[in-house]
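# Residue-level structural notes
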Amino acid sequence: MPRNMGSSRVLCACLALMCLLLTSAQKKVSVTEVSFDSSVEDIQWLGGDHKTCLLKTAKGRLYRSVDFGKSWNEITSSLTESSAPGSPYAPSAVKVDNVVVHPADKNVVLVQGSKHTHFISEDAGRTFRRLKQKAPIHQWQFHPSKSRWALLSTWTEACENPGLEAKRKAQDEETQPCTHILYVTKDAGKTFSIVSSYVVQFSWGDSAHKQENRVWFTHHRHKKGDQARYGGWAKHVDLAYTDDFGKTTSTAVHSGNKFLVSNGFLFVARLQDATRQTVELEVSTDGGKSFQTAKLPYAGELQEKSYTILDTSEGAVMLHVNHGDHGRSGTGNVYISDEKGVRYSLSLPANVRSTGGECEFDKVLSLDGVYIANFKDDATETVSNDRLDGGNIEDAEKAQEEEEEETTATDVELKRKKRKKKAEDVVKTVVSYDKGGVWSYLKPPKVDSTGEATICYTKAGEAVENCWLHLHGVTNFHNYAPFYSMDNAVGLILGTGNLGAHLRYEPDEVNTYLSRDGGVTWVEAHKGAYIYEFGDHGGLIVMADDLRKTRQVVFSWNEGQSWYDFELGPNPVEVDNIVIEPNASAVEFLLYGTRGDSGVLFHLDFAALGQPACKGIWAADSVSSDYENWTPSTSAKKDGCSLGRQVTYTRRKQTSECFNGQDFQRPVFKKNCECTEEDFECEFGFARKIGSTVCAPEDPNLTADTCTAGGFFYMDAYRKVPGDTCEAGWVPSQVPVPCPAHAPFSRTALIVLGVVLVAAVALLMLGVVAGGSNPSDAASKGIHVALGLGQSSSREATKENFSKASRWRAV
């Protein structure tokens, strides 16, 4: 081949590549800006394809879009309060208070007015019909599957106007006390019928037990007088149910104040002590036919004030218990159950929680058995109560009021509060890959986003002691974005935090971090605290500055390997959030915030970049394919086994510049593994330290019928994690447990004790006869020495195994 011909071909190839790069450089993300009357408070996605959106502003106006949020029309004027007959005034527009979308039928949506007028749509907001219910809605709950069924609760007029009842009584008019009434509709709000009154809480039945038509509710037993809104735990509130919408009712749990129906479980918080405001957890797995009291470690020592069910998705219950420890406020212990949800073992102590019961404990949604959590590292106060009298009713009422405020407040309202420097609690972040069985700290990145070495490593590349990555959780979301994952963004986690010994709250300490392997390794995605969102099944990440006004958006289409930026426009905006349709499969995002007193929204369309569709999904790992096979593996288990199985996902290669597309279906392959210690969790009464797989006795009251003082007994310390599918391999054996200090003496010990006592008396008499020291002194010293040896070792063993001061120091 002549040399000049080869050179010409190389030149043509280079020119073609340059043209391609120039063409790509000219393509930009499509940005469309829309302004609103006030800040954006809520966006809801409607329709089967999620192209339709409803947007509510702070002033209560409603807007609708049918093109993924690119253009909007205000529809508040179509929602009007009708005037009284013969009134000269035109109907007034409704101020929208809330928007509720049906969980199964996205075409059905309720628009709740701030007063007495409410509307429903069955065609994704194209047309609305007014409800035949004029009372203010306190709570609306659609049926999980039937689109025209819903439960509605209202407080009577006397609750909104406290002096109304007294006024009517003075005028000899018929009065109705302040009560919370539960209604049901089966025709999308055309008609309503009363289910019960004096109601506290309500929910539809569980389809897992074929109870779709059942209504569960808690209500006051004595239906007389005004109903307290924030009464704390009450003796006369019972859990009941009806299968015929209130015609007949049955009591399931007396003094059962609150409950939760979830994945075949029915949990009930039943009052234990009204003075101390303590409760106990009742659990049913047969649809409420029978209940068992949950068994928690330290049942006699730790009070139970309230519960948060963290997860029931994988055959076991992750339970957060508020033990009412006033010296360690804002925390509770996390327990993991057996497969029946009854026997619990301690998984993570001092988990951070809010006054409303929201916990900094999240499941990595794309992976089985992986959780990230925050805990306060103060071992001396983790599992003990400073005040054994517990909280009082006033405290309960205040906490309930705060919970109501947090529930009704919008994200924007909470975020708009002045940023306050949080107290420097020693909060640390940990991760578990076996459903809470073993916890470990997050591994810090070696270099930051600028390529410089991080503080967790020396110049020689050696790890610095006690230096990890810590991330902010949901209780601090109004300051920083919490750790975040999506179902179809496999292995990807985003979070804001810092490197060091514990979590920091100063803005200049907080950066944004990314993991693409389920939390095993992390990289610093960007300096500073950013708000973020996933798109294209995790193939696209979009972020914006969360603390300062900005004109810039940054994005990555290679899972953080490289980042690009573009301008929103000439005027900066204070960003509140970035959202995408519920499946996170599109490449169109909505970024909204404020500019002055006005709300502003940007529609960001990344399809304008012209990226090709990815190819070669069934030839993953080949050179021609844009996809790879990935098996999650922890630092402790290199074989990629988790929950007893090796799961392999097909995902886009990090270097492939293409889009998965909305119709992408991810192949997943599974096979079982041999059992190891990580496939087992601790049995009731045992616990693991952070970073350890050893289950050690945790409950000093563990005992056996054969237990004697100073002795040991053997029992099971491990149980297989519910949902774990491992086979053969490691088999746990029973472990020795010291008998409690209050155990009776054995027969041999009693004989030895008798001999010692006889010898002591003999020595005493000899001392008297010999005219020695004072008899009382001799007796005292002789018995103390003889008994002190045996008792000392027993006490020392108990202290070593059950010392609260050293129980949860990190290893």
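Keep in mind that what you see is a predicted model, and the values were worked out from it rather than measured.

## Some thoughts on the nonpolar core
Residues Leu540, Val542, Phe555, Leu591, Leu604 and Phe606 are the most contacted members of the largest nonpolar core, which totals 38 residues. Elements with a contribution of two residues or more to this core: strand E36 (530–535), strand E37 (540–545), strand E38 (552–556), strand E40 (574–579), strand E41 (588–595) and strand E42 (598–605). If one sorts the elements of this core by residue count, E37 sits on top with 5 residues. Once residues within four sequence positions are removed from consideration, Val542 is found in contact with Ile531, Tyr532, Glu533, Val553, Val554, Phe555, Ile578, Phe589, Leu604 and Phe606. If you look at the next biggest cluster of nonpolar residues, it comprises 22 residues, including Leu469, Trp522, Trp630 and Tyr649.

## Thoughts on the pairing of strand E21 (residues 265–273)
As paired strands, strand E20 (residues 256–262) and E21 are joined by 6 bridges and run antiparallel to one another. Along E21, the bridge assignment pairs Gly256 with Arg270. Between the end of E20 and the start of E21, which pair antiparallel, lie 2 residues, with Asn263 showing a positive phi angle near 50°. Two strands pair when backbone bridges link them, and E21 and strand E22 (residues 278–284) are joined in this way by 7 bridges, in the antiparallel orientation. Note that in E22 the partner of Leu266 across the bridge is Ser284.

## A look at the sheet that holds strand E4 (residues 62–65)
With respect to topology, 4 strands assemble into an open sheet ordered E2-E3-E4-E5, the strand pairing being antiparallel. Sheet topology places strand E2 (40–46) and strand E5 (73–74) at the edges, where each strand pairs with a single neighbour. Bridge count for strand E3 (residues 52–57) against E4 is 4 bridges, and the pairing is antiparallel. Its bridge partner being in E4, Leu54 is matched across the sheet by Arg64.

## Details of the pattern of salt bridges
Counting across every chain of the model gives 22 salt bridges. Between Arg719 and Glu681 there is a salt bridge whose closest N-O contact spans 2.8 Å. Taken together, the positions of Arg719 in strand E52 (residues 718–720) and Glu681 in strand E48 (residues 680–682) put the pair 38 residues apart, joining distant regions of the chain. The same class applies to Arg719 as to Glu681, namely buried. The salt bridge partner of Arg719 is Glu683, with a shortest N-O separation of 3.4 Å. Within this pair, whereas Arg719 is found in strand E52, its partner Glu683 is found in the loop between E48 and strand E49 (686–687), the two being separated by 36 residues in sequence. Here the salt bridges share partners, and the residues they tie into one network are Arg343, Glu681, Glu683 and Arg719.

## What about the packing of aromatic side chains?
One pass over the structure, following the stated rule, counts 24 aromatic pairs. The interplanar angle of 75° and the centroid separation of 6.4 Å between the aromatic rings of Trp140 and Phe192 together place this pair among those described as edge-to-face. Of this pair, Trp140 sits in strand E12 (residues 139–142) while Phe192 sits in the loop between strand E14 (180–185) and strand E15 (193–196), placing them 52 residues apart in sequence. Of note, Arg229 hangs over the ring of Trp155, and the distance from its end group to the ring centre comes to 4.3 Å.

## Looking at the state of the cysteines
According to the stated counting rule, one finds 6 disulfides in the structure shown. Bridging Cys456 to Cys467, the disulfide has an S-S length of 2.0 Å. Here the disulfide of Cys456 and Cys467 is left-handed, its torsion about the S-S bond being about -70°. Of this pair, Cys456 sits in the loop between strand E31 (440–441) and strand E32 (468–471) while Cys467 sits in the loop between E31 and E32, and the two are 11 residues apart along the sequence. Here the two residues Cys456 and Cys467 agree in accessibility, since each one is buried. Each disulfide pairs two cysteine sulfurs, and for Cys682 the partner residue is Cys695, the sulfurs being separated by 2.1 Å. On the sign convention where negative is left-handed, the bridge of Cys682 and Cys695, at about -95° about the S-S bond, is left-handed. Taken together, the residues Cys682 in strand E48 and Cys695 in the loop between E49 and strand E50 (696–697) connect sequence positions 13 residues apart. Classification of Cys695 as buried rests on a relative accessible area of 4%.

Criteria and thresholds
Residues numbered from 1 in each chain as written. Predicted model: local features only at pLDDT ≥ 70, side-chain atom pairs only at ≥ 80, totals over all residues. Heavy atoms only, no water. Core = buried A, V, L, I, M, F, W, Y, C linked by side-chain atoms within 4.5 Å. Buried < 20%, exposed > 50% of the residue type's maximum accessible area, 1.4 Å probe, protein only. Helix = DSSP H or I, 4+ residues; strand = E, 2+ residues; numbered from the N terminus. Contact = heavy atoms within 4.5 Å. Pairing = 2+ DSSP bridges. Salt bridge = Lys/Arg side-chain N within 4 Å of Asp/Glu carboxyl O. Phe/Tyr/Trp six-rings, centres within 6.5 Å; stacked < 30°, edge-to-face > 60°. Lys NZ or Arg CZ within 6 Å of the ring centre and 35° of its normal. Disulfide = S-S within 2.5 Å.

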